[in-house]
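Single-letter residue listing:
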Amino acid sequence: MGEFFYRLGISLLGIGVKLHALINAKSKKFVEGRKDLFPQLEGKFKSVNQPVVWFHCASLGEFEQGRPLIEAFKKEHPNFFILLTFFSPSGYEVRKNYELADYICYMPLDTAENAERFVKITQPKLAFFVKYEFWHYHLKALSEADCWLYSVSAIFRSNQRFFKFHGGFYRKILKQFDHIFVQNKTVAALLKGINLHNVSVSGDTRFDRVKSITDSVKPQEMFVEFSKDQPVLIGGSTWEPDIKAIAPFLQQNPEWKAIIAPHDISEANLKLHEEVLKIPTSRFSTINSEAITKTRVILIDNIGMLSSLYQYGKIAFIGGAFGDGLHNTLEAACFGLPVFFGNKNYGKFQEALDLLDVNAAFKVANAQEFLSIMNSDDFKIEESSQRALDYVNQNIGAKDKIMKHIAPIIQKMKLS
C-alpha cells in the first residue's frame, strides 16, 4: 500500500509541475531541463570508460553540503568520472557549470522506468545522496546494480514517517543504503530505534565547506577602516521584523556600528531598513572614504558579500526566524560571533539548536529582549564567541570520516 501511494505521489508531482510550468518560470525550468535527458545521457556515457561516482543533491544548499566531499573525492580519486545531479532548478541553474563535475544534469522523476534507465546508462559504482534525498526507485535500481550506496549529512526528526507504525515502506527505502552518515548522535539513535545499524555519526559536511570559506576570506580595506575603533553588529539576511529588533539597540548605543545585508535588496526594502534604523546609514554601492567616517551603518545593497562580512563583527543578528525560516547561522559562528535570531521559526535548523545549547546563540522575541540580553552583565561576548568557535571546531571533519570509510571499498575496486 505504501508503494502505491508513493507512485501516486510521484505521478501527481509530475502532472502538477507540468501544469505549474505554464505560469511559473522555475517549474518551467524543472520540466524543460528533463526533456531529452536520456538521449543526452546515452550520447555522453557511451564514451565514458572511467568508473562513475554519482553525487545527488536536491538543490543549492545540499550541493554546498556535498561539495567538500566531491572535492575530496576528486583529489584522492581523479580516475573516477563524477556525475552530479540536482532535483531543483535552483541548484542546477547555479551550479550547472561546476568545474569539478564531469557531467551535470537533473535527476529524472522517481519512477521505476526512469530509475532503471538512468542507472543502466550511467552505471555508477558508488552513489552519494546528500541530506534529505531518499528516492525509492533510484535507490532500488542502484542497489540491484551492485552500486555502493551512501546517504551523507543525513538528518531526521522523530515525527517523520520513517518512525511511524505505518512507515514500513519508507523504512525499506532507508535499508537500501549501504551506510548512512548522520549529523549527530540523536539522529543515529532514531535510526537504530528502527533497526538500522549501518549508521555512523560523521557530522555535517557543510561545516567543512563553510570553514574553508572563512579560512580563505581576505580583508577589505573599507570595512577594516569602518570597524577598527568600534564594535560592529552584523545583520545577516535581515527582514523587517529583524531590523526592528536591532534598531533600538543601535539607536541607544552610539558606540556600536553595524553592517547589514538585507535578504531582499529591492529599493523598497532598502528604504524600509533606512527608515527603521533612523541613524546615519550609507549604502555600500555609493559609500566613499568621507562617508565611512560619518556613517554608523553600511547597508549592503548587493548579493554575495555576506559570508565575508562576519570577519568584521562582534555579534551577528541572523534574519528569517520571525518569518518563513532562519537563514544561515553557521557562517557567523565560524568567525566566532555570538548569534541572535527571532524566537519563532528556527526549530528545524540543527546548528541553531546546537548553538543555543552551548550558549553561543540567543533567541529573542522583540527589540526589548535583544536590548535586555545585550545590556545584561551575564552576557559576555568573548565567552560566547569562544563557545561558537569551539562548536565549529568540534564539528569539522565529516568529509574525512566519510572518505576514510569508503577507502577500502575503492581499493577493492582498483584491485578487481
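Computed from a predicted model, the values in this text were never measured in an experiment.

A.B. asks: Quick rundown of the UniProt feature "domain: 3-deoxy-D-manno-octulosonic-acid transferase N-terminal" (unreviewed entry) in the protein? Include the residues and the values.
C.D. replies: In this numbering, the UniProt entry assigns the feature "domain: 3-deoxy-D-manno-octulosonic-acid transferase N-terminal" (unreviewed entry) to residues 47-208. Helix makes up 39% of residues 47-208 and strand 23%, with an end-to-end C-alpha separation of 34 Å.

A.B. asks: Give me the lowdown on the packing of aromatic side chains, citing residues and values where you can.
C.D. replies: One pass over the structure, following the stated rule, counts 38 aromatic pairs. A ring pair is formed by Trp54 and Phe129, whose centres lie 5.1 Å apart and whose planes are at 65°; its orientation type is edge-to-face. One end of the pair, Trp54, is in strand 1 (residues 52-57); the other, Phe129, is in strand 4 (residues 124-130), and 75 residues separate them in sequence. We note that Trp54, like Phe129, is buried. Members of the aromatic cluster, connected to one another through ring pairs, are Tyr6, Phe134, Tyr137, Phe156, Phe162, Phe163, Phe169, Tyr170 and Phe177. Above the plane of the ring of Phe30 lies Arg34, whose end atom (NZ or CZ) is 3.8 Å from the centre. Sitting over the ring of Phe87, Arg34 keeps its end group 5.3 Å from the ring centre.

A.B. asks: Report on the pairing of strand 9 (residues 257-262), specifying residues and quantitative values.
C.D. replies: Among the six residues that make up strand 9, six are buried, leaving the element largely enclosed by the rest of the structure. Residues Lys257, Ile259 and Ala261 of strand 9 are buried on one face, and the alternating residues Ala258, Ile260 and Pro262, pointing to the opposite face, are buried as well. Bridge count between strand 8 (residues 232-238) and strand 9: six bridges; the pairing is parallel. When the sheet's bridge partners are listed, Thr238 is paired in strand 9 with Pro262. Viewed along the sheet, the connection from strand 8 through helix 12 (residues 240-252) into strand 9 turns out right-handed. Looking at chain direction, strand 9 and strand 11 (residues 297-299) are connected through three bridges and run parallel. Considered in strand 11, the bridge of Ile260 is made with Leu299.

A.B. asks: How would you sum up the UniProt feature "active site" (unreviewed entry) in the protein? Please name residues and give values.
C.D. replies: Within this structure's numbering, the places UniProt gives as "active site" (unreviewed entry) are Glu62. Tracing the backbone shows Glu62 in helix 4 (residues 60-76). Setting aside residues no more than four positions away along its own chain, Glu62 makes contact with Cys57, Val130, Lys131 and Tyr132.

A.B. asks: Before we move on, can you summarise the pattern of salt bridges with the specific residues and values?
C.D. replies: Here the structure, examined in full by the defined rule, presents 16 salt bridges. A salt bridge links Arg67 to Glu64, with the nearest nitrogen and oxygen atoms 3.9 Å apart. Here Glu64 and Arg67 lie together in helix 4, a separation of three residues that amounts to about one turn. Across the pair, exposure class does not vary: Arg67 and Glu64 are buried alike. Taking the shortest distance from any N to any O, the salt bridge between Lys244 and Glu240 comes out at 2.9 Å. On the criterion of helical spacing, the pair formed by Lys244 and Glu240 is a turn pair, its members being four residues apart in helix 12. A relative accessible area of 43% means that Lys244 is categorised as partly exposed. By sharing partners, the salt bridges in this structure join Glu64, Arg67, Glu71, Arg95 and Arg209 into a single network.

A.B. asks: I'd like a rundown of the packing of helix 1 (residues 2-20) against helix 2 (residues 25-32), residues and numbers included.
C.D. replies: Each pair of packed helices can be described by the angle between their axes along with the distance between the axes. Helix 2 packs onto helix 1 with a crossing angle of 125° between their chain directions and a minimal axis gap of 8 Å. Our classification of the angle between helix 1 and helix 2 gives oblique. As helix 1 runs across helix 2, the sense of the crossing is left-handed. Every residue of helix 2 that contacts helix 1 at Val17, Lys18 and His20 is listed here: Ser27, Phe30 and Val31. Residue composition of the contact of helix 1 with helix 2, by class: three nonpolar, two polar and one charged.

A.B. asks: How would you explain a nonpolar patch on the surface if you had to name every residue and give the values?
C.D. replies: Among the surface-exposed residues, Met1, Phe4, Phe5, Leu8, Leu12, Ile15, Leu19, Leu22 and Ile23 lie close enough to one another that they form a single nonpolar patch of about 1100 Å² accessible area. As for its position among the elements, Met1 is in the segment before helix 1. Residue Met1 is classed as exposed on the basis of its relative accessible area, which comes to 73%.

Here is what the cut-offs are and how they apply
Residues numbered from 1 in each chain as written. Predicted model: local features only at pLDDT ≥ 70, side-chain atom pairs only at ≥ 80, totals over all residues. Heavy atoms only, no water. UniProt positions renumbered as here; feature names shortened; annotations may be inferred. Helix = DSSP H or I, 4+ residues; strand = E, 2+ residues; numbered from the N terminus. Phe/Tyr/Trp six-rings, centres within 6.5 Å; stacked < 30°, edge-to-face > 60°. Buried < 20%, exposed > 50% of the residue type's maximum accessible area, 1.4 Å probe, protein only. Lys NZ or Arg CZ within 6 Å of the ring centre and 35° of its normal. Pairing = 2+ DSSP bridges. Right-handed = clockwise from strand over helix to strand, strands pointing away. Contact = heavy atoms within 4.5 Å. Salt bridge = Lys/Arg side-chain N within 4 Å of Asp/Glu carboxyl O. Axes fitted to C-alpha atoms, helices over the stretch in contact; angles between N-to-C directions. Parallel < 35°, antiparallel > 145°, perpendicular 65-115°, else oblique. Left-handed = near helix turned anticlockwise from the far one by under 90°. Nonpolar A, V, L, I, M, F, W, Y, C, P; charged D, E, K, R; others polar. Patch = residues over 30% accessible without salt bridge, like charges linked within 9 Å, V, L, I, M, F, W, Y side chains within 5 Å. Areas by Shrake-Rupley, 256 points an atom, 1.4 Å probe, with all protein chains shown as cover.

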